[in-house]
Amino acid sequence: MAKHTFPVDRADALEDQTRYVHCSREELLDALAVGREATVLDLGSGTGFYTDDVAPSAGQVVGVDVQQAMHERYRRKGVPPNVSLLTAPVHSLPLAEGAVDAAFSTMTYHEFATPAAAAELARVCRSGARVVSVDWTSEGAGGSGPPTDERYNLAHAVETFEAAGFRTVRAATRRETFVHVCCKI
Ligand SMILES: C[S@@+](CC[C@H](N)C(=O)[O-])C[C@H]1O[C@@H](n2cnc3c(N)ncnc32)[C@H](O)[C@@H]1O
């Protein structure tokens, strides 16, 4: 399966409000279910489109992105005071064991979906921490988002996270996207 990293020169597309058709702020916050003391990771934070939505409901949000240039793009827009930015791949996070209360990724699972990444999330998440993945499904029509042969599906997310020590608590496939919510055991 092809893998790609979303190009920085297309970052403006990530700020398009019509993206809420596929994942709303309301849906994301409900799935995360965090309190105002929580430390939350945004995995593949990009321009911070969804980071900004989560920040007011969390204690600290760490925007993780492998591309420094994406963080620079986010900084130009303006980063909320409780958001810090970390340049790192999901499979190698410079964070302490159990330091994270929750994590989420939006439209990014297909860019980091490996057993190593799930194992790293299991390491940094405390017991009971939720990990929410909303991404394009390979079962969709592919009219928008990445080509279907670059996507994964819900079953892949369930298998990858459960093999790493998470328990699935919510799982749904929609028309173009899937949502997977799991808890660190
Ligand atoms: C499609 S964009 C989505 C950005 C953001 N989640 C959103 O919904 O607006 C994917 C982002 O994930 C980042 N990314 C890709 N692979 C990654 C990895 N292995 N670790 C961390 N970030 C990654 C890319 O640099 C890019 O900014």
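Residues numbered from 1 in each chain as written. Predicted model: local features only at pLDDT ≥ 70, side-chain atom pairs only at ≥ 80, totals over all residues. Heavy atoms only, no water.

Chemist: Which residues make up the packing of aromatic side chains, and what values do they have?
Modeler: Under the counting rule described, the total for this entry stands at 8 aromatic pairs. Aromatic side chains Tyr20 and Tyr50 sit 5.9 Å apart centroid to centroid with 85° between the ring planes, which places their arrangement in the edge-to-face category. Taken together, the positions of Tyr20 in the segment before helix H1 (25-32) and Tyr50 in the loop between strand S1 (39-43) and helix H2 (51-54) put the pair 30 residues apart, joining distant regions of the chain. The structure contains a cluster of three or more aromatic residues connected by ring pairs, namely Tyr109, Phe112, Tyr152, Phe161, Phe166 and Phe178. (Phe/Tyr/Trp six-rings, centres within 6.5 Å; stacked < 30°, edge-to-face > 60°. Helix = DSSP H or I, 4+ residues; strand = E, 2+ residues; numbered from the N terminus.)

Chemist: Can you explain the site of the ligand? Please cite residues and give values.
Modeler: Neighbouring the ligand are 21 residues; Arg19, Gly44, Asp65, Gln67 and Thr106 lie closest to it. With respect to the ligand, the side chain of Arg19 contributes an N or O atom lying 2.7 Å from an oxygen atom. Contact between the ligand and Thr108: a nitrogen atom at 3.3 Å from a side-chain N or O atom of the residue. Protein contact buries 96% of the 600 Å² of open area that the ligand shows by itself. Looking at the shell around the ligand residue by residue, the class counts come to 11 nonpolar, 7 polar and 3 charged. (Near = heavy atom within 4 Å. Polar contact = N/O pair within 3.5 Å; in protein donor to acceptor, adjacent residues only side chain to side chain. Areas by Shrake-Rupley, 256 points an atom, 1.4 Å probe, with all protein chains shown as cover. Nonpolar A, V, L, I, M, F, W, Y, C, P; charged D, E, K, R; others polar.)

Chemist: I'd love a proper account of the nonpolar core, names of residues and values included.
Modeler: Formed by 29 residues in total, the largest nonpolar core has its most connected members in Leu41, Leu43, Tyr109, Leu121, Val131, Phe161 and Phe166. For this core, the secondary-structure elements that each account for two or more residues are S1, strand S2 (60-65), strand S4 (100-106), helix H4 (109-112), helix H5 (115-124), strand S5 (125-136), helix H6 (154-163) and strand S7 (177-184). Among the elements that line this core, the one with the most residues is H5, at 5 residues. Of all hydrophobic cores here, the second largest spans 23 residues; its members include Leu32, Val61, Val83 and Met107. (Core = buried A, V, L, I, M, F, W, Y, C linked by side-chain atoms within 4.5 Å. Buried < 20%, exposed > 50% of the residue type's maximum accessible area, 1.4 Å probe, protein only.)

Chemist: Give a description of the sheet that holds S2 that names residues and reports values.
Modeler: One open sheet holds the 7 strands; their spatial order is S3-S2-S1-S4-S5-S7-S6, and the pairing between them is mixed. Taken across any chain shown, the strands that pair with only one partner, and hence form the sheet edges, are strand S3 (83-87) and strand S6 (166-173). Neighbour-to-neighbour, the strand axes of this sheet turn through a mean angle of 15°, independent of strand direction. Sheet topology note: the S5/S7 ladder contains 7 bridges and is antiparallel. The residue bridging Val132 from the neighbouring strand is Val181, located in S7. Strands S2 and S3 of the sheet are contacted by helix H3 (residues 68-77), whose axis makes an angle of about 160° with S3. (Pairing = 2+ DSSP bridges. Axes fitted to C-alpha atoms, helices over the stretch in contact; angles between N-to-C directions. Contact = heavy atoms within 4.5 Å.)

Chemist: Report on the environment of Ala102, specifying residues and quantitative values.
Modeler: Position of Ala102 relative to the elements: it lies in strand S4. Assessed through its relative accessible area of 1%, Ala102 is described here as buried. Put simply, Ala102 and Lys184 are 82 residues apart on the chain and 9.3 Å apart in space, counted from C-alpha to C-alpha. Filtering out sequence-adjacent residues up to four positions away, Ala102 remains in contact with Leu32, Val34, Thr39, Val40, Leu41, Ala129 and Arg130.

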